[in-house]
Amino acid sequence: CALPIYILLPGDLQRIIEPAERFCRQSFPIPIFIYESEGAGWFYQGDYEVSSWTENPRELAIHSERVGHNFVSRVIFLRPGAGLNELPLRAEVWKE
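Given the structure is predicted, the values throughout are model-derived calculations rather than measurements.

Regarding the pattern of salt bridges
(1) Moving on: Applying the stated criterion across every chain yields a total of 3 salt bridges.
(2) Moving on: The shortest N-O distance in the salt bridge between Arg74 and Glu21 comes to 3.8 Å. Remark: Glu21 occurs in helix α1 (residues 14–25) and Arg74 occurs in the loop between α2 (57–67) and β4 (75–80); sequence separation between them is 53 residues.
(3) Moving on: Take Arg74: its relative accessible area is 4%, and that puts it in the buried class.
(4) Moving on: Two residues, Glu55 and Arg74, come together in a salt bridge whose shortest N-O distance is 3.0 Å.

Things to note about the nonpolar core
(1) Moving on: Counting residues in each nonpolar core, the largest one holds 9 residues, listed as Tyr6, Ala20, Phe23, Cys24, Ile32, Tyr48, Val50, Ile76 and Leu78.
(2) Moving on: Elements with a contribution of two residues or more to this core: α1, β3 (42–54) and β4.
(3) Moving on: Examining the composition of this core, we find that 3 residues originate from one element, α1, more than from any other.
(4) Moving on: Those residues in contact with Val50 that lie beyond four places of it in its chain are Phe23, Cys24, Ile76, Phe77, Leu78 and Arg79.

What counts and what doesn't
Residues numbered from 1 in each chain as written. Predicted model: local features only at pLDDT ≥ 70, side-chain atom pairs only at ≥ 80, totals over all residues. Heavy atoms only, no water. Salt bridge = Lys/Arg side-chain N within 4 Å of Asp/Glu carboxyl O. Helix = DSSP H or I, 4+ residues; strand = E, 2+ residues; numbered from the N terminus. Buried < 20%, exposed > 50% of the residue type's maximum accessible area, 1.4 Å probe, protein only. Core = buried A, V, L, I, M, F, W, Y, C linked by side-chain atoms within 4.5 Å. Contact = heavy atoms within 4.5 Å.

In structure tokens:
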């Protein structure tokens with residue numbers, strides 16, 4: 001099973017915008033964890049890197065409508081990190 005592609009939608013607060021900009025400039029992958037629900041916890045999804053990003057107002061509007069809020073500062077598209085083997089999805093890391 002192939003690793004999924006993810007889209008990050010950072011908010012428009014300055015404390016979020018600056019790290020999002022740094023993330024888009026970096027050239028190495030980061031681990032991605034998805035929070036399922038209370039009691040289910042966080043699940044490691046694999047290491048991902050930025051494949052592209054946009055601040056195009058039309059693209060922001062599309063994704064803002066999809067998630068139901070209008071404070072998205074950019075759309076970041078992620079791909080599996082280079083050289084990674086396929087990883088089992090939903091490998092549980094910890095529960096809160």
